[in-house]
Amino acid sequence: MTSPMLQLEGVVAGYGPTTVLDHLSLQVTAGERVAMIGRNGVGKTTALRTVMGLVPLRDGRIVFMGEDIGRLTPHQRAQRGLGYVPQTRDIFPSLTVEENLVAGLKRRPRAALDDAYALFPRLAERRRNGGGQLSGGEQQMLSVARALLGQPRLILLDEPLEGLAPLIRQDLLRVFRRLSDELSIPVVIVEQQVDEVLGYADRALVLDHGTVVHAAPAAELREDTETLERWVGLAVH
Ligand SMILES: Nc1ncnc2c1ncn2[C@@H]1O[C@H](COP(=O)(O)OP(=O)(O)OP(=O)(O)O)[C@@H](O)[C@H]1O
Ligand SMILES: [Mg+2]
């Protein structure tokens, strides 16, 4: 068996007096696509932010590529190869597309830029446009492309399809497929678009009260309306 790339063991985290993640354990192996679903407020975003070090770990362990990263800064975790696309698209409206892509990078990684433009030809066409002039879908593409410029070994996506039209969602999912299929980058994707994300992912984790309450192959969960109704509160199809 291949050892997991990312492993969370009994992770506890929260805000002030509130515990949000309550002994959350999960594993992600190379090239995998893992969907994380669950009702609003169950801790999906907190889980991703804790992996990135944006929410402090109170207990448990986070191991990435064999290293315990639970006490590293967010910057150090990014350097180790964790890429993160937050729920709120974090682009700079006053910078151009290309300036957004290279912002914060010491060198201009030509090859990585070319790769990003190859994945998102639309961004290549608009490379000199202001970030604020982009459509919602293009902004999301820019957000994902920016994360890729950091040359991540694993990428965490928080509701990347939110607020986008169905055709744009399909475009994005096609790109996310290429990440794992062609670049072998495993993807952890949090999504409310349950039917679409279960069609995309290999494996699904259902969260409730900050812990995994159900784990199954995504295709199996997609047909399991009872579990979906119970934990996610909506039936698909
Ligand atoms: N910065 C914060 N300070 C205090 N409480 C917070 C903060 N961020 C989130 N919470 C609380 O933590 C809980 C989990 O929030 P989180 O954002 O992780 O949920 P989520 O599963 O991502 O929800 P959604 O599907 O709505 O995005 C919620 O009760 C939320 O109100
Ligand atoms: Mg969230």
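If you check an unreviewed UniProt entry, the protein appears there as ABC transporter ATP-binding protein from Ramlibacter aurantiacus.

### Things to note about the nonpolar core
Side chains that are nonpolar tend, in soluble globular proteins, to be buried together. Core analysis: the largest hydrophobic core is formed by 48 residues, its most contacted members being F120, I155, F176 and L198. For this core, the leading source of residues is helix α6 (residues 136-149), giving seven residues. Leaving out residues up to four positions away in the same chain, L198 has contacts with A35, A204, A218, A219, L221, R222 and L228. Ranked by size, the runner-up nonpolar core spans 31 residues in total, among them L6, L8, Y84 and V188.

### Points about the sheet that holds strand β2 (residues 18-28)
On the basis of which strands lie adjacent, the open sheet formed by four strands has the order β2-β1-β4-β5 and antiparallel pairing. Only two strands of the sheet have a single neighbouring strand rather than two, namely β2 and β5 (67-68).

### Focus: the coordination of the magnesium ion (ligand 2)
On the protein side, the magnesium ion (ligand 2) has T45 (OG1) and Q87 (OE1) as donor atoms, found 2.0 to 2.5 Å from it. With T45 in helix α1 (residues 44-52) and Q87 in the loop between β6 (82-85) and α3 (97-102), the pair connects residues that are 42 residues apart, well separated along the chain. Residue classification places T45 among the partly exposed residues on the basis of a relative accessible area of 24%. Judged by relative accessible area, which is 28%, Q87 ranks as partly exposed.

### Comments concerning unusual backbone geometry
Positive phi is not limited to glycine here, since Q151 has a value of about 50°. With respect to the helices and strands, the residue Q151 is situated in the loop between α6 and β7 (154-158). Although it is not a glycine, E159 sits at a positive phi angle of roughly 45°. Following the sequence through the fold, E159 ends up in the loop between β7 and α7 (166-183).

### Regarding the environment of Q133
Residue placement: Q133 occurs in the loop between α5 (121-125) and α6. For Q133, a relative accessible area of 58% puts it in the exposed group.

### A short note on the site of ligand 1
Around ligand 1, 13 residues are found, and the nearest of them are G41, K44, T45, T46 and Q192. Note that an oxygen atom of ligand 1 is positioned 3.3 Å from one of the backbone N or O atoms of V42. Out of a free accessible area of 640 Å², ligand 1 has 57% covered by protein chains. With three residues, α1 is the single largest residue contributor to the shell around ligand 1.

### Regarding the packing of aromatic side chains
The final tally for this structure, using the stated rule, is one aromatic pair. Aromatic pair F176 and Y200: ring centres 6.3 Å apart, planes at 70°, arrangement edge-to-face. Taken as a pair, F176 in helix α7 and Y200 in helix α8 (residues 194-200) lie far apart in primary sequence, 24 residues in all. The exposure class of F176 is buried, given its relative accessible area of 0%. The positively charged end of R33 is found above the aromatic ring belonging to Y200, 5.0 Å away from the centroid.

What counts and how
Residues numbered from 1 in each chain as written. Chains lettered and ligands numbered in written order. Predicted model: local features only at pLDDT ≥ 70, side-chain atom pairs only at ≥ 80, totals over all residues. Heavy atoms only, no water. Core = buried A, V, L, I, M, F, W, Y, C linked by side-chain atoms within 4.5 Å. Buried < 20%, exposed > 50% of the residue type's maximum accessible area, 1.4 Å probe, protein only. Helix = DSSP H or I, 4+ residues; strand = E, 2+ residues; numbered from the N terminus. Contact = heavy atoms within 4.5 Å. Pairing = 2+ DSSP bridges. Donors = N, O, S within 2.8 Å, 3.2 Å for Na, K, Ca; no water. Near = heavy atom within 4 Å. Polar contact = N/O pair within 3.5 Å; in protein donor to acceptor, adjacent residues only side chain to side chain. Areas by Shrake-Rupley, 256 points an atom, 1.4 Å probe, with all protein chains shown as cover. Phe/Tyr/Trp six-rings, centres within 6.5 Å; stacked < 30°, edge-to-face > 60°. Lys NZ or Arg CZ within 6 Å of the ring centre and 35° of its normal.

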